[in-house]
Amino acid sequence: MNQIIRLSNVECKDCYKCIRNCPVKAIRYSDGHAAIIQAECILCGECVVTCPQRGDFVASQTDEIRSIIRSGRRVVASVAPSFISDLPVGSIEGMRATLQKLGFYDAQETSLGAEIVSREYERIMQENEMDLLISSCCTSVVMLIQRYYPDVLPYLAPVKSPMQLHCEMLKQQYPDAYTVFIGPCYAKKGEAELSESVDMGITFYELREWMREEGVEPVHIENHDTGKRARRYPRQDGLVKSMTPVKGWNRVAIDGVNDCIAALSEIRHGGVEKTFLEMTACEGSCVNGPAIRKNRYENRIRGTVAVNEYSGNDDFGVTTDIPLRIYHDPEPVMRRIPTEDEIQAVLKKLGKDTRKTALNCGCCGYPTCRKMAIAICRDMAQLDMCLPYVREKAEFHSREIIDSTLEAADQLIDKQMRVVQNIASILGESTAETKVMLTKLKEAVQSDA
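Since this is a predicted model, take the numbers as computed values, not measurements.

Conventions and cut-offs
- Residues numbered from 1 in each chain as written.
- Predicted model: local features only at pLDDT ≥ 70, side-chain atom pairs only at ≥ 80, totals over all residues.
- Heavy atoms only, no water.
- Helix = DSSP H or I, 4+ residues; strand = E, 2+ residues; numbered from the N terminus.
- Buried < 20%, exposed > 50% of the residue type's maximum accessible area, 1.4 Å probe, protein only.
- Contact = heavy atoms within 4.5 Å.
- Areas by Shrake-Rupley, 256 points an atom, 1.4 Å probe, with all protein chains shown as cover.
- Salt bridge = Lys/Arg side-chain N within 4 Å of Asp/Glu carboxyl O.
- Disulfide = S-S within 2.5 Å.
- Expected span 1.5 Å × (residues − 1).
- Pairing = 2+ DSSP bridges.
- Axes fitted to C-alpha atoms, helices over the stretch in contact; angles between N-to-C directions.
- Parallel < 35°, antiparallel > 145°, perpendicular 65-115°, else oblique.
- Left-handed = near helix turned anticlockwise from the far one by under 90°.
- Nonpolar A, V, L, I, M, F, W, Y, C, P; charged D, E, K, R; others polar.
- Polar contact = N/O pair within 3.5 Å; in protein donor to acceptor, adjacent residues only side chain to side chain.

## What to know about the overall build of the protein chain
Phase 1: Counting secondary structure elements, the protein chain contains 16 helices and 11 strands.
Phase 2: Looking at the protein chain residue by residue over its 449 residues, the buried ones come to 50%.
Phase 3: For the protein chain, long-range pairs separated by at least 24 residues make up 74% of all intrachain contacts whose partners lie at least 6 apart in sequence.
Phase 4: Accessible surface, the protein chain as shown: approximately 22100 Å² in total, 51% of it carbon and sulfur.

Right, dumping it as structure tokens:
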């Protein structure tokens, strides 16, 4: 997989905010800047929306699509249902008209694939194929399980994502088509790279930039259909609300990577059965995706309202003969486990080797001093990321400078006193006034220090 998100060395200001907000700590800090560890990243995009310098760079691929369009090939788009929360187009018809201005041949809503995926989830539960079922729609959640909870993979739905399925449907409809998925997150760009049915994945942010460059304004066309329940997918608990309840099964919606991690840890300990878990990496689900929002709390309310108004209780009624099954292979992250002696040695260097001195302030981006020490042992962090350590080090050096300055001042004053005394002895005058003046000077230097 290519590098989807890169951190800019130039803009990095040593705030460690990306580390603090990365739920899996897949960021290495060295030589004054942060860098994503690609093999450990789940592409949730938290580093992008939390960087105060906007120092993150997400590679845009719109130029490649423009080139394909200019070649004369039919380019068709699968548009994530969260489009309604980001662009003032009013309906999929408005979205299609907008994209056709850019040269797309056709555009359809990914909700068509989502409806079929929902029916497959229902069938798995009805036939009791699995005792516990975790949705496989969110790429970041799939990567989280593959990399950090591979023992939970047996519970991950062996079903294609709506994006993959819908792009296969588009290729079936247009055999020579070049398929482009347009959505609210960076993880789908990564999934598109590994998919045979999705030729390219771009974000709504990339699309807006493309429209701005081309001078294309959104085309608004009112929605005139009755509203479909598969369009609820982008909102919190939207997948659950798009499904028909299955007798004997509970349905639970969990959003946000940290809450998903807590749920996966609970599953590890057993005792969770006959439950369908809708898991999405973004708080508020896809309406609050990182390529829609500029901060963590920007689009949850108005995005959800837009989805509610666009969706309904009916079905599209689509069917397909395309195989729905896909199996997710484990990709476990193998992090070196440092010895206790190594950890304690680092804590001692930091001056955090006792309960009293281990402040666990989190300034470094890690929740505890111990976790930071482990990261240092793994060459993922540095000692000077610890603010109390740096402060204590600075204070120590300041004291050294002050002490050396006072010592130099003492030597200078003593030398001047001797000179004055020699002059006074020659002139036969008293040195009392001069001595008082130099003593005050010494006191002033000490007071300023």
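## With respect to the pattern of salt bridges
Phase 1: Using the criterion set out here, one finds 30 salt bridges in the structure.
Phase 2: A salt bridge links Arg-300 to Asp-255; the nearest nitrogen and oxygen atoms lie 3.8 Å apart. Note that Arg-300 is positioned in helix H12 (residues 300-310) and Asp-255 in strand E10 (residues 250-255), a separation of 45 residues in sequence.
Phase 3: Close ionic contact of Glu-342 with Arg-336 constitutes a salt bridge, the shortest N to O distance being 3.2 Å.
Phase 4: The exposure class of Glu-342 is partly exposed, given its relative accessible area of 31%.
Phase 5: Taken together, the shared-partner salt bridges connect Glu-120, Arg-123, Glu-127, Glu-129 and Arg-325 into one network.

## Notes on the state of the cysteines
Phase 1: As enumerated under the stated definition, the model contains 0 disulfides in all.
Phase 2: Looking at the unpaired Cys-364, the closest cysteine sulfur is the one in Cys-361, lying at 6.4 Å.
Phase 3: You can call Cys-364 buried: its relative accessible area is 7%.

## Quick word on helix H7 (residues 162-173)
Phase 1: In a regular helix each residue adds 1.5 Å, so 12 residues correspond to 16 Å; H7 covers 16 Å between its end C-alpha atoms and thus fits that length.
Phase 2: What H7 keeps buried is the set Pro-162, Met-163, Gln-164, Leu-165, His-166, Cys-167, Met-169 and Leu-170.
Phase 3: Its buried side turned inward, H7 meets strand E5 (75-79), strand E6 (106-109), helix H5 (111-126), strand E8 (178-183) and helix H8 (187-194).

## Some points on H5
Phase 1: The end-to-end C-alpha separation of H5 is 22 Å, in line with the 22 Å expected for 16 residues at 1.5 Å each.
Phase 2: Burial analysis of H5 places 13 of its 16 residues in the buried class, which makes it a mostly covered element.

## Some thoughts on the sheet that holds strand E7 (residues 132-134)
Phase 1: In spatial order, the strands read E7-E11-E10; together these 3 strands make up an open sheet with parallel pairing. Every other strand in the sheet has two partners, leaving E7 and E10 as the edge strands with one partner each. Strand-to-strand twist in this sheet, taken as the mean axis angle between neighbours without regard to direction, amounts to 15°.
Phase 2: Inspection of the sheet shows E7 paired to strand E11 (residues 275-280) by 3 bridges, in the parallel sense. The residue of E11 that forms the bridge with Leu-132 is Thr-275.
Phase 3: Where helix H11 (residues 257-268) meets the sheet, its contacts fall on E7, E10 and E11, and the angle it forms with E11 comes to roughly 150°.

## What about the packing of helix H13 (residues 340-350) against helix H14 (residues 369-377)?
Phase 1: Here H13 crosses H14 at 110°, and the two axes come no closer than 9 Å. It follows from the interaxial angle that H13 and H14 lie roughly perpendicular. Between H13 and H14 lies a crossing whose hand is right-handed. Along the contact surface, H13 presents Glu-340, Glu-342, Ile-343, Gln-344, Val-346, Leu-347 and Leu-350, while H14 presents Cys-369, Arg-370, Ala-373, Ile-374, Ile-376 and Cys-377.
Phase 2: When grouped by side-chain class, the residues that make up the contact of H13 with H14 number 9 nonpolar, 1 polar and 3 charged.

## Quick look at the sheet that holds E6
Phase 1: An order of E6-E5-E8-E9 is seen for the 4 strands of this open sheet, with the pairing classed as parallel. Each edge of the sheet is formed by a strand with only one pairing partner; in this case those strands are E6 and strand E9 (200-203). Strand after strand, the sheet turns through a mean of 25° between neighbouring axes, direction not considered.
Phase 2: Where E8 and E9 come together, 4 bridges link them in parallel fashion.

## Examining the pairing of strand E3 (residues 33-36)
Phase 1: Relative to E3, strand E2 (residues 27-30) runs antiparallel, the two sharing 4 bridges. Note that in E3 the partner of Ser-30 across the bridge is His-33.
Phase 2: Between the antiparallel neighbours E2 and E3 lie 2 residues, among them Asp-31 with a positive phi of about 55°.

## Considerations on the side chain of Ser-285
Phase 1: Position of Ser-285 relative to the elements: it lies in the loop between E11 and H12.
Phase 2: A relative accessible area of 0% means that Ser-285 is categorised as buried.
Phase 3: Among the polar contacts made by the side chain of Ser-285, one reaches the main-chain carbonyl oxygen of Pro-234 at a distance of 3.4 Å.
Phase 4: Not counting residues up to four positions away in its chain, the partners in contact with Ser-285 are Tyr-233, Pro-234, Arg-235, Gln-236, Asp-255 and Thr-280.

## A closer look at the environment of Arg-229
Phase 1: Along the chain, Arg-229 falls in the loop between helix H9 (204-214) and helix H10 (238-241).
Phase 2: Overall, the relative accessible area of 13% leaves Arg-229 in the buried class.
Phase 3: Spatially, the C-alpha atoms of Arg-229 and Asn-308 are 9.4 Å apart, while their sequence positions differ by 79 residues.
Phase 4: What Arg-229 contacts, discounting residues up to four positions off in sequence, is Arg-119, Ser-242, Met-243, Thr-244, Gly-312, Asn-313, Asp-314 and Asp-315.

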